[in-house]
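Survey of secondary and tertiary structure
This is what each chain is made of:
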Amino acid sequence: MGRVGYRAFRLSQVKGEVNGALEAIVRHPCARHRKHMNRAPGARWIAFLFGLLLTANGSMRDGGAVAAGELISELQALRLVPEHPTLWGAKASQRFVVLGTFADGLERDVTAHAVLTLSDPTLATIDSGARVTVRADGACDLIAQVGGCKASTRVQFEGSSQTLPFSFARDIGQILTKRGCNTSDCHGSVKGQKGFKLSLNASYPQEDYKWIIEGGVYKVLTTEQSEPPKPRINKEQPEESLILQKPAGVVPHGGGKRLDVGSMDYRTILAWVQNGAPYGEDDGKAPIAIEGLKAFPPDVVLDPQGKHQLLVTALLSNGRNEDVTDQATYTSNNVEVAKVNGDGMVEAVSTGETAIVIRGVGRVASARVGVIAQPIPNYPASPGSRNFVDEHVFAKLRKFNIVPSGLSGDAEFLRRVCLDLTGTLPSPNRARAFLADPDPDKRDKLIEILLASPEYVDFWAYRFGDLFRVHFTARQDLRGTHQYKDWVRNRIALNKPYDQTARELIAVQGWGGTTQHYYRVTSLMTPQEIMAEQMRVFQGLRLECAQCHNHPFEAWSQDQFWGLAAFFGRMTPVNSYLILDLPSAVAGKTVNHPRTKAEVQPAFLDGTTVPESKLDDLRMTLARWMTSAENPYFARATVNRIWGYFFGRGIVEPVDDMRSTNPPTHPKLLDALARHFVERGFDIKDLIRTIVQSRAYQLSGEFNETNRKDLINCSRSLPRMLEAVVLMDAISVVTGVEEVFELDNFAGGGSTPPGTRAIDLIPDISPSNFMDVFGRPNRQALPEPVNDVTVGQALHMLAGSTYTEKISMEGGRVDRLVKSGANNREILEELFLAALCRLPTEYERTELDKILDKDPSRKENVEAVAWALISSREFAYNH
């Protein structure tokens, strides 16, 4: 390209640097501090003296929010949480949090500064930790006062004389969990520690009970013991039990001291052993078990010095709730944003957002924490919601003090939605018409045009072709490959309900077409490989780690993995072209558990085995379960994956890793999208329409001071690299030169027909070095997102034929413009509209005019401008 091309390219860089400098000047943050600079100093002295007064009265509790104490004078309202709780059972207790709303709009934890009283102290007591403990049945008000503000909530006390029956799962399991004995880096690891194995977070209490009572060393691939098992309890001399001596430090313990001799937990375990170490509650079938955990608040917003107490409630199988704040364990997913102590007190570290993962007995919950640099007291009015997507997105932005960017311009929207829905750039004429159209409904009309276009069908057939792995398999030859590709395209063209598509794919039998989904080039995949892939695609779950042992980071067991794999055990290639599910006796094969070596019976995730009446078509039985409206994963996994295509990341990210320890950024939005998807009959096109019609999708990519670093809350449009096939087609469109794709020899050799687009290709039939370098999936495995720029890509931009030869070819766009005698304005408008869907700015016109008018030739100069455009970041990304 030479010096001219480089200069044109450098102009775009200089433009970006100048704009960045101007923006920094315009948005200088000094104005943010005026309110605090002008605040009367006396207010802080009043807050300080008030804090001293509370301390003198004995009502100040440790661990309170520092920032809240400094701002007490600005307190406007109070509330107590949880609201109207019912405490059930003897010695039942509940911690409370007092929340204060301040003049800057932020709600802070002010429990440490509150005076708490009960309207009837004979019913319960309240301690310095804001914990209310029942004495007798009845009801009374809990009252909180901070300065001149008061709040109250009604508390009900029931069953004060009833004691929960002992349960190993609940009573011993929660001690093991709280003390960290069963974490993934201790006895809850794959093999346990020092011969002692526990399930992660007491997920499988019956297994834990066996290892403690009977002893033994866990081995991954066998149940055989190389030496006599050594129990962890001693019924004759309970104090000598290893389960007490090691964590109490009486004997050497690699995990350090976890219990104090004589502590409440120590006494609980000791009493259990002294009573014969029963499992309790109907020998393993506990009628009162913990069925779930709930964290409050689900969203926490902190200022830079903020602290906030989390509350954790256990949802019991008898319909009651129990406060387990003190029995849970807490982990911050990003300690550089916020840290949390063992009691659930969250403390700000630096601006950003993270999740606090909360573990109880076999259950996990989470709370999102945002640390903001500065509260926004005059938060702008809502920009308006176009559908329920916006309601959820903007509600969180408001809570987290993030101001969304404005609505995208027409040019920005046009390019974005055309690429997202059709993988294709609009023509310059179409762009001109859209930009000039005054119709206020033109965006919705454009969306409908695109959704009804053949380009939409082609592009989404390509995307689902990646997901469903439409590729060549030698076992079924090219006919089967093209049948499979046509099947996928047909589902998109007819807008088949996605649950039906999934069932047909999971349960397929016969020859050709969709049966290729289960092949890797030459051989049928194994039952465990097939199952793991289907669960990732249709349930958003990664179960692979449970193949050889219980999952190290999630409550998925090895038994669950193989129970699901058994649904695929009867798949048999009858000949080179046919797959059937044959009875085990005919197929001559079974699915055996790698550890016990026993034949595995098909079982769903909840452990339910398949009845005899449904053994004839196992995969269809599984497919119906996987795609049912009651299935907790199918709809959520699907909408999360589709969302990821439009926002560059899923509400859960990665999109197929929906584990409890990887919580969604917008849990309510994810649930709402899933409900909408089910209610609309699993309609993919309707789901896409709902997303792209939302204002959240149509926001500008321009950032402000509050959302500059936001990457997860949809407060602005984030740039996304064009997929390899889309980039290839886009370059062809801008240059006006079609790409000629070669066919592999086994596919007959030669070239593809004229007009073939990159998105129409099957990767292993049509090799392309360019698309491989830019991350085209080979479809031998599930696709992974590509967001990293590589040296190879840079070299292609500088010297690759796709970038350098197309722009100068005879008959191409540059050649036609030069030969037509077009003036500078016409040339620039044509190239900018073709590549960026916008007109050049006056600054760009002025500077590029200088390049177009230089020597040695006009054509070389136009080529330089065209190369600069298709090499720019603005072109290579959707934004």
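A brief look at the structure comes next. Keep in mind that what you see is a predicted model, and the values were worked out from it rather than measured.

1. Considerations on the sheet that holds strand β2 (residues 86-88)
- If you trace the 4 strands from one edge of the open sheet to the other, you get β2-β10-β9-β6, paired in mixed fashion. Strand pairing shows two members of the sheet lacking a second neighbour, β2 and β6 (115-118), which therefore form its edges. Within this sheet the neighbouring strands show an average axis-to-axis angle of 25°, counted without direction.

2. Structural notes on a nonpolar patch on the surface
- On the surface, a nonpolar cluster with roughly 330 Å² of combined accessible area is contributed by Val791, Leu795 and Leu798.
- Locating Leu798 in the fold gives a position in helix α26 (residues 791-799).
- Classification of Leu798 by relative accessible area gives exposed; the value is 56%.

3. Structural notes on helix α17 (residues 527-539)
- Spanning 13 residues, α17 covers 17 Å between terminal C-alpha atoms, matching the ideal 18 Å at 1.5 Å per step.
- Counting buried positions along α17 gives 11 out of 13 residues, so the element sits mostly inside the fold.
- Among all positions of α17, only Gln528, Ile530, Met531, Ala532, Glu533, Gln534, Met535, Arg536, Val537, Phe538 and Gln539 are buried.
- Two residues or fewer past α17, Gly540 is found with a positive phi of approximately 70°.

4. Observations concerning the packing of aromatic side chains
- For the structure on display, the rule yields 31 aromatic pairs.
- Considering the side-chain rings of Phe168 and Tyr279, the 5.6 Å spacing of their centres and the 35° angle between planes classify their relative orientation as tilted. Residue Phe168 is found in helix α5 (residues 168-178), and its partner Tyr279 is found in the loop between α8 (264-274) and α9 (281-284); the two are separated by 111 residues along the sequence.
- Relative to Trp460, the ring of Tyr456 has its centre 6.3 Å away and its plane inclined at 40°; by these criteria the two rings are tilted. You can see Tyr456 and its partner Trp460 sitting in helix α14 (residues 454-467), 4 residues apart, about one turn around the helix.
- Exposure remark for Tyr456: the relative accessible area of 2% places this residue in the buried category.
- The exposure class assigned to Trp460 is buried, which follows from its relative accessible area of 0%.

5. Considering the side chain of Asp729
- Mapped onto the fold, Asp729 is located in helix α24 (residues 724-735).
- Salt bridges are absent for the buried Asp729, whose nearest opposite-charge side chain, Arg757, sits at 4.5 Å.
- Apart from residues lying up to four places away in sequence, Asp729 is in contact with Arg757, Ala758 and Ile759.

6. Section: the packing of helix α11 (residues 410-422) against α14
- Relative to each other, α11 and α14 sit at 60°, their axes nearing to 7 Å. Accordingly, the angle class assigned to the pair α11 and α14 is oblique. Along its contact with α11, which presents Leu419, Asp420, Leu421 and Thr422, the element α14 presents Glu455, Tyr456, Phe459, Trp460 and Arg463.
- Of the residues belonging to the contact of α11 with α14, the class tally is 5 nonpolar, 1 polar and 3 charged.

7. Some points on the pairing of strand β8 (residues 131-134)
- Here β8 shows a buried face lined by Val132 and Val134 and an unburied face lined by Arg131 and Thr133.
- Sheet analysis places strand β3 (residues 93-95) next to β8, joined by 3 bridges and oriented antiparallel. Directly across from Arg95, in β8, lies its bridge partner Arg131.
- As paired strands, strand β7 (residues 124-126) and β8 are joined by 3 bridges and run antiparallel to one another. Considered in β8, the bridge of Ile126 is made with Val132.

8. Remarks on the pairing of strand β25 (residues 578-581)
- Side-chain alternation along β25 places Ile579 and Asp581 on a buried face and Leu578 and Leu580 on a face that remains uncovered.
- Inspection of the sheet shows strand β21 (residues 510-511) paired to β25 by 2 bridges, in the antiparallel sense. Bridge assignment links Trp511 to a residue of β25, and that residue is Leu578.

9. Some details on the sheet that holds strand β11 (residues 290-296)
- One open sheet accounts for 3 strands, arranged β11-β14-β15; its pairing is antiparallel. Every other strand in the sheet has two partners, leaving β11 and β15 (321-323) as the edge strands with one partner each. Geometrically, the sheet is characterised by an average inter-axis angle of 30° between neighbouring strands, direction not taken into account.
- Sheet topology note: the β11/strand β14 (residues 311-316) ladder contains 6 bridges and is antiparallel. If you follow Leu293 over to β14, its bridge partner there is Ala314.

10. Some remarks on helix α12 (residues 428-436)
- Buried within α12 we find Pro428, Ala431 and Phe434. Taken around the axis of α12, the buried residues stretch over an arc of 125°, which confines them to a single face. Opposite the packed face of α12, turned more than 90 degrees from it, sit the exposed residues Asn429 and Ala436.
- Against α11, α13 (442-451), α28 (813-819) and α29 (824-836) lie the buried residues of α12.

11. Re the pattern of salt bridges
- Going through the model one piece at a time under the given rule, you end up with 51 salt bridges.
- Where Arg825 meets Glu829, a salt bridge forms, and the shortest distance between an N and an O atom there is 3.4 Å. Highlighted residues: Arg825 and Glu829, both in helix α29, separated by 4 residues, approximately one helical turn.
- Counted as one network, the salt bridges with shared partners bring together Arg536, Arg542, Glu544, Asp656 and Glu784.

12. So, unusual backbone geometry
- Val81 connects to Pro82 through a cis peptide bond whose omega is 0°.
- By the secondary structure assignment, Pro82 is in the loop between β1 (75-81) and β2.
- Here the bond from Phe296 into Pro297 is cis, since omega is -5°, no more than 30 degrees from zero.
- The topology assignment puts Pro297 in the loop between β11 and β12 (299-302).

Rules used throughout
- Residues numbered from 1 in each chain as written.
- Predicted model: local features only at pLDDT ≥ 70, side-chain atom pairs only at ≥ 80, totals over all residues.
- Heavy atoms only, no water.
- Pairing = 2+ DSSP bridges.
- Helix = DSSP H or I, 4+ residues; strand = E, 2+ residues; numbered from the N terminus.
- Axes fitted to C-alpha atoms, helices over the stretch in contact; angles between N-to-C directions.
- Patch = residues over 30% accessible without salt bridge, like charges linked within 9 Å, V, L, I, M, F, W, Y side chains within 5 Å.
- Areas by Shrake-Rupley, 256 points an atom, 1.4 Å probe, with all protein chains shown as cover.
- Salt bridge = Lys/Arg side-chain N within 4 Å of Asp/Glu carboxyl O.
- Buried < 20%, exposed > 50% of the residue type's maximum accessible area, 1.4 Å probe, protein only.
- Expected span 1.5 Å × (residues − 1).
- Phe/Tyr/Trp six-rings, centres within 6.5 Å; stacked < 30°, edge-to-face > 60°.
- Lys, Arg positive; Asp, Glu negative; His and termini not counted.
- Contact = heavy atoms within 4.5 Å.
- Parallel < 35°, antiparallel > 145°, perpendicular 65-115°, else oblique.
- Nonpolar A, V, L, I, M, F, W, Y, C, P; charged D, E, K, R; others polar.
- Arc of directions from axis to C-beta.

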